[in-house]
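If you want the building blocks of each chain, they are given just below.
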Amino acid sequence: MGLPSLLTNVLHRLFLVVFQGQAKQFEGIPGPQPIFPIGTLQDFINTNTAQVLGSYGEQFGGLSVMWTFGQPSLVLNDPKLIQKVLLTDEQQTDLAPNRSTSYPVSEKDFFKDLPRKALCPMLTTTSTFITAKADSEWEFLSKNHLLHANYRREWLELQIAPLKEFVESRCDEWILVHKSQEFPVYDAVQKLTFDGFALATLGRTLEKSYYQHFRTMCDSGTQRMNLSSLNNRLIREEPASAKYQQASREWYDLFRNLVGEANQDPPTNSLLALVTERGGTDFNSEQLSKVFAEAYPGGAISVPSGITNTLYLLERHPQVLSALLEELQTFWQGELTLDRLERCTKLDRALRESLRLLPPVAFFLRNVDRDRSITLAGHEIPPNTQIYMTSWHIQRRSPYWGENSETFQPERWDDRKVAEHQDYEGDYFFPFGRGDRKCIGHEFAIYFMKVALATLLPKFQFQFVLEASHTPDFIPQEFYFAVSIPSTLKAVSQPRH
């Protein structure tokens, strides 16, 4: 229940008096009405952050301002403005000189701040995600990352058959364990993803205790993200919890040991085996161990979200599912090559449509350069201003998607739309970000989601437990470790005949 309008007006006027200096800097930019002392935080209570940010696009247009107490943040729901933040000068399609500055605005004028301190204990300085700017340090990390190695496609092709066998065995376990009882789908798919990542990268699955360590670290990261969204100064440099400290220590020790052991006995066909035998990186052993360790918080939260959402949407649209199952039957009967997997058109378009409607990473964060202001959409924006860029509004509501843009219709991905969003990136569709700093693991994430879906769908049928908030095209999402996940979704499972 909202505040009475009279009280709201009084608190709004009080806010403008107390924070008049900050408010004056953002005059002329529309946005929700802030009230003293919390600003616009009331909009986010019990509501998914991405949906709130997207709603600002509907109400106020492509550029708006919101307030966390007295701290202003910009919200971008315009693809051209997002271009200016995420793309270099050369990558922008309509770059024009800025009248109030001697240089055009591009990604060099922004840096990462909010998620870095919150997530840094779980993601170390070896992670390209943690690097503040795309500088020389970032270039070294990106160039030497194993997911950029020249043998990565060979590695992915080698994993199709063992991953299929693994996922099928996990389906059999689900059927035996749950026996027509309801179970949380996201949790089951996350554990499957965690183990599948380990199989593909390390050549083996990990003991259950390490999955618990992973969850402990991600729980801590989520708490820190929630606190840092209020004020970065509220969080410590590293979590003090003894449980977290033990989990983190044992987690990173595990990967140091695995990398060390691989030098003596490389695990067959895995990414660890390939890098041990072929090199292709200037990373030392410590850096390599962190790359393997950070694949999990980097992807084993968002990837299972994408898989779970897609399973739900397909089961709620049986005609689409039926056509896809025919395609998958043909795929599994032929040679298991990466090229053939990538030519599964119905699978690709179903996944694209799922990531369009329910993107696991539904907003991105940057700050304006600390040392100078920039001009954006005709407004001078002060240094260090926080910026939220949301794909939620653009991917669901933009006229680009035509009528019924909030319904699951993989057929909307005609050849033109696929061409305009090659590699899952473009003005109106960017589930992994945009530009040089797009998620470094996006290729592996897309691949893993496709292999998992191509195996699960013919093997396993989900009868989802529906609630009032569920529609054929939407399920509620919870914010966890900077990702939107369908945490409450449950289902009963059975073999698909």
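Owing to the predicted nature of the structure, the values given are computational and were not obtained by experimental measurement.

Chemist: Let's hear about the pairing of strand S8 (residues 386-390): which residues, and what values?
Modeler: Most of S8 sits inside the fold, with five of its five residues counted as buried. The two faces of S8 match: Gln 386, Tyr 388 and Thr 390 on one face and Ile 387 and Met 389 on the other face are all buried. As judged from the four bridges shared by strand S2 (residues 71-76) and S8, these two strands associate in the parallel manner. Bridge pairing links Leu 76 to Met 389 in S8. Inspection of the sheet shows strand S5 (residues 363-368) paired to S8 by five bridges, in the antiparallel sense. Within the sheet, the bridge partner assigned to Phe 363 lies in S8 and is Thr 390.

Chemist: Now, about the sheet that holds strand S3 (residues 110-111): what can you tell me, with residues and values included?
Modeler: Pairing is mixed across the open sheet formed by five strands, whose spatial order is S1-S2-S8-S5-S3. Because the sheet does not close on itself, it has two edges, and the strands there are strand S1 (63-68) and S3. In this sheet, S2 lies alongside S1 in antiparallel orientation, the contact comprising six bridges. The partner of Met 66 across the bridge, within S2, is Ser 73. Running over the sheet, helix H3 (residues 49-60) touches S1, S2, S5 and S8 and is turned about 135 degrees from S1. Along the sheet, helix H4 (residues 79-86) contacts S1, S2, S3, S5 and S8; its crossing angle with S8, the most-contacted strand, is approximately 125 degrees.

Chemist: Got a sec to walk through the nonpolar core? Specific residues and values, please.
Modeler: By size, the foremost hydrophobic cluster in this structure holds 124 residues, and its most contacted members are Leu 206, Trp 251, Phe 255, Tyr 296, Ile 307, Tyr 447 and Phe 448. When residues in this core are grouped by element, the largest group, 12 residues, is from helix H20 (residues 442-459). The contact partners of Phe 448, leaving out residues within four places of it in the chain, are Leu 163, Leu 192, Thr 193, Gly 196, Phe 197, Val 303 and Ile 307. By size, the runner-up hydrophobic cluster in this structure holds 25 residues, among which are Ala 23, Ile 29, Phe 110 and Phe 364.

Chemist: Got a sec to walk through the sheet that holds strand S12 (residues 490-495)? Specific residues and values, please.
Modeler: Strand order in the open sheet formed by three strands is S4-S12-S9, and the pairing between neighbours is antiparallel. This sheet does not close on itself; its edge strands, each paired only once, are strand S4 (183-184) and strand S9 (460-465). When S9 meets S12, the two strands line up antiparallel, connected through six bridges. If you follow Phe 462 over to S12, its bridge partner there is Ser 493. Each of S4, S9 and S12 is contacted by helix H7 (residues 152-178), which is oriented at about 45 degrees to S9, the strand it contacts most.

Reading the values: rules and limits
Residues numbered from 1 in each chain as written. Predicted model: local features only at pLDDT ≥ 70, side-chain atom pairs only at ≥ 80, totals over all residues. Heavy atoms only, no water. Buried < 20%, exposed > 50% of the residue type's maximum accessible area, 1.4 Å probe, protein only. Helix = DSSP H or I, 4+ residues; strand = E, 2+ residues; numbered from the N terminus. Pairing = 2+ DSSP bridges. Contact = heavy atoms within 4.5 Å. Axes fitted to C-alpha atoms, helices over the stretch in contact; angles between N-to-C directions. Core = buried A, V, L, I, M, F, W, Y, C linked by side-chain atoms within 4.5 Å.

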